[in-house]
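# Geometric and topological summary
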Amino acid sequence: MKKVPDIRTGSTVKVHQRIKEGNKERIQIFEGLVIAVSASFGPNKTFTVRKVVGGIGVEKVFPLYSTNITKIQVTKTSDVRRSKLYYMRKRSGKSARLKEKHISEEKDVIEDVIEEPIVDEVVEAPVDAVVETAAAEVAPEVVAEEAPAEKA
């Protein structure tokens, strides 16, 4: 069995399907919302993808482990409370929107933080320069008076 991404109901996916037409073979991309994932397991597992083309809803049922599917990309995931989204068939426009989860962006942020070194680059300044600068900012007259006394 080949490795497949975590496909859940409410995900928006791009399914790259191999299609044979005569002697030619091409890959067709079907992008849409996953409205159902079958409860079976193993090679019998299927998922249903729905999209609207020209005002008409089109649904395709794909076997998850089919050899004709070359790639499955999960582009978005949505927060849903049902295992089957058949009610999306009756909806269009704004009512067909789902609340999105931004999981992939959070993972990218976590990876970037881990890759950057935290304490590797420490710039050390001379101690004398730090003391003079701090004293000059507090009271310039006091520094001027103390400076000749230290030299003597």
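Calculation rules
- Residues numbered from 1 in each chain as written.
- Predicted model: local features only at pLDDT ≥ 70, side-chain atom pairs only at ≥ 80, totals over all residues.
- Heavy atoms only, no water.
- Helix = DSSP H or I, 4+ residues; strand = E, 2+ residues; numbered from the N terminus.
- Buried < 20%, exposed > 50% of the residue type's maximum accessible area, 1.4 Å probe, protein only.
- Contact = heavy atoms within 4.5 Å.
- Areas by Shrake-Rupley, 256 points an atom, 1.4 Å probe, with all protein chains shown as cover.
- Salt bridge = Lys/Arg side-chain N within 4 Å of Asp/Glu carboxyl O.
- Pairing = 2+ DSSP bridges.
- Core = buried A, V, L, I, M, F, W, Y, C linked by side-chain atoms within 4.5 Å.
- Polar contact = N/O pair within 3.5 Å; in protein donor to acceptor, adjacent residues only side chain to side chain.
- pLDDT = per-residue confidence, 0-100.

Our next topic: the overall build of the protein. Counting secondary structure elements, the protein contains three helices and six strands. In the protein, the succession of α and β elements from N to C terminus is β-β-β-β-β-β-α-α-α. Across the 152 residues that make up the protein, the buried fraction comes to 20%. Residue pairs at least 24 apart in sequence account for 50% of intrachain contacts in the protein once pairs closer than 6 positions are excluded. Summed over its atoms, the accessible surface of the protein is roughly 12,000 Å², and 53% of this surface lies on carbon and sulfur atoms.

Bringing the pattern of salt bridges into the picture now. A full pass over the atoms with the stated rule returns six salt bridges. Of the charged contacts, one joins Arg26 and Glu21 as a salt bridge, the two residues approaching to 3.1 Å between their closest N and O atoms. Arg50 is paired through a salt bridge with Glu59; the nearest N and O atoms lie 3.1 Å apart. Owing to a relative accessible area of 15%, Arg50 belongs among the buried residues under this scheme. What makes Glu59 partly exposed here is its relative accessible area of 31%. Counted as one network, the salt bridges with shared partners bring together Arg50, Glu59 and Arg89.

Take the sheet that holds strand β3 (residues 46–53) next. Taken in spatial order, the six strands line up as β4-β3-β2-β1-β5-β6 in an open sheet, and their pairing is antiparallel. Of all the strands in the sheet, just β4 (56–63) and β6 (100–101) have a single pairing partner and so form its edges. As defined by bridge partners, strand β2 (residues 24–37) adjoins β3 across four bridges and the pair is classed as antiparallel. Directly across from Leu33, in β3, lies its bridge partner Arg50.

Before going further, it helps to spend a moment on the nonpolar core. In terms of nonpolar packing, the biggest core is built from twelve residues, these being Ile7, Val13, Val15, Phe30, Val34, Val37, Phe47, Val49, Phe62, Leu64, Ile69 and Ile72. Broken down by secondary-structure element, the contributors of at least two residues to this core are β1 (12–21), β2, β3 and β5 (69–78).

So, on to the pairing of β2. Inspection of the sheet shows β1 paired to β2 by ten bridges, in the antiparallel sense. What sits directly across from Gln17, in β2, is Gln28. If you look at the hairpin formed by β1 and β2, you'll find two residues sitting between the two strands, and Gly22 has a positive phi there, around 70°.

Mapped onto the secondary structure, Ser40 falls in the loop between β2 and β3. Owing to a relative accessible area of 26%, Ser40 belongs among the partly exposed residues under this scheme. Separated by 3.2 Å, the side chains of Ser40 and Ser38 make a polar contact. A polar side-chain atom of Ser40 sits 3.2 Å from the main-chain carbonyl oxygen of Asn44.

Confidence in the prediction for the protein averages 78 pLDDT; 66% of positions are at 70 or higher. The model gives residues 105–120 a pLDDT under 50, and that stretch makes zero contacts with residues more than four places away or in other chains.

Another point: the pairing of β3. Relative to β4, β3 runs antiparallel, the two sharing eight bridges. When the sheet's bridge partners are listed, Arg50 is paired in β4 with Glu59. Where β3 folds back on β4, the antiparallel hairpin that results is connected by two residues, among which Gly54 adopts a positive phi of roughly 60°.

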